Amino acid sequence: MIINRRKLLLAGLISAGALALLLHLADFTFLDLERRNLPWLAGLLCAHLVMITGRGILLRTLAPRVDRAGQLCWVQLAARHQAVFTLAPSGFGDLGFPLLAKHITGLAGSTALRIIAQCRLRDTIALAAIGLLGVVLIGIPVGFGWPVILFTLPLIWFADELAVIFLRVVTLAVPKSRIATFLREAARQEDVSLRDRMVRTLLVALVWSAALAGVMAAFRVLGLPIGLGEAMLFIAAVNLAGALAISIAGLGVTEAGATAALVAVGIKLDEAASIALLVRPLLLVSVVLSSLALDLSIAAIRVRRNAGASTP
């Protein structure tokens, strides 16, 4: 408990320090509030609803066939996990995924660990491709860009096996114990059919396309439309910054990554800091609200179904 409190305190200090620095650099006077386009808020929320729903369907396809009953519970799992992952210090959300999965879907903890490892590997590969493609689209010369981007496609296609290999390597590095046994069980999976590979790959494309649409919609809300290349670089920088540092809900650190991405596309530092301090919290609030809306709606539907089933 002491360690957790220290980590939370450190995360809070990092968030506060990074936000203070960005606020010092920011200059909001260049923003024209009359250019804001509030109807795009609906597009922002819709994009995140699609993103979370797609992630729930992906989680279901990664589960063993005997555990794939139902669909709503998997979307609810994705929604609740997304909310926890967004608000908790970096990495803490994924640590709680097995408990959430067991509570909502009845999935075994070891199986849930394999599933989240396979999801995160897909996310990492997709973000690498998105970031590099963004660099190419904004005109920064990268000689090896397209070969690397194309190489990510087979990596996503075989992401399940790569994640299992990673778990097995970690198992070898852990002395014989209950943890090693747990990891060994997590590294087991059914044979992946061609249909499953195709569906999972398409779902990854759907999830990250929706995430990119959300970023572009958030900029539109503020009256600051950006192109696809800029959105790709922005989302890659935000996720990379959030993954590398511990902070509360990624605050401060992810805004710093967003600022760096905006500076890379030619925006002045003070303006970039101002935009990042507005766009990133807007995205965070939208993701959390979308997660809560899905979670509560599905919970209500399940309660209604159970009540109907128990009625004589």
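Source: prediction; values computed, not measured. (Residues numbered from 1 in each chain as written. Predicted model: local features only at pLDDT ≥ 70, side-chain atom pairs only at ≥ 80, totals over all residues. Heavy atoms only, no water.)

(A) Region of interest: the overall build of the protein chain. Scanning the protein chain from terminus to terminus reveals 13 helices and zero strands. Taken from the N to the C terminus, the helices and strands of the protein chain come in the order α-α-α-α-α-α-α-α-α-α-α-α-α. Radius of gyration (C-alpha) of the protein chain: 20 Å, near the 20 Å computed for a compact globule of 312 residues. Its C-alpha atoms give the protein chain principal-axis dimensions of about 60 × 55 × 45 Å. Per-residue burial over the protein chain gives 45% buried out of 312 residues. Between the centroid of the 28 positive side chains of the protein chain and the centroid of its 17 negative side chains there is a distance of 11 Å. (Helix = DSSP H or I, 4+ residues; strand = E, 2+ residues; numbered from the N terminus. Rg over C-alpha atoms; globule rule 2.2 N^0.38 Å. Buried < 20%, exposed > 50% of the residue type's maximum accessible area, 1.4 Å probe, protein only. Lys, Arg positive; Asp, Glu negative; His and termini not counted. Charge placed at Lys NZ, Arg CZ, Asp CG, Glu CD.)

(B) Seen up close, the environment of Gly-229. Mapped onto the secondary structure, Gly-229 falls in helix H11 (residues 228–244). Put simply, Gly-229 and Ser-274 are 45 residues apart on the chain and 20 Å apart in space, counted from C-alpha to C-alpha. Ignoring sequence-local partners within four residues, the contact set of Gly-229 consists of Gly-134, Leu-137 and Ile-138. (Contact = heavy atoms within 4.5 Å.)

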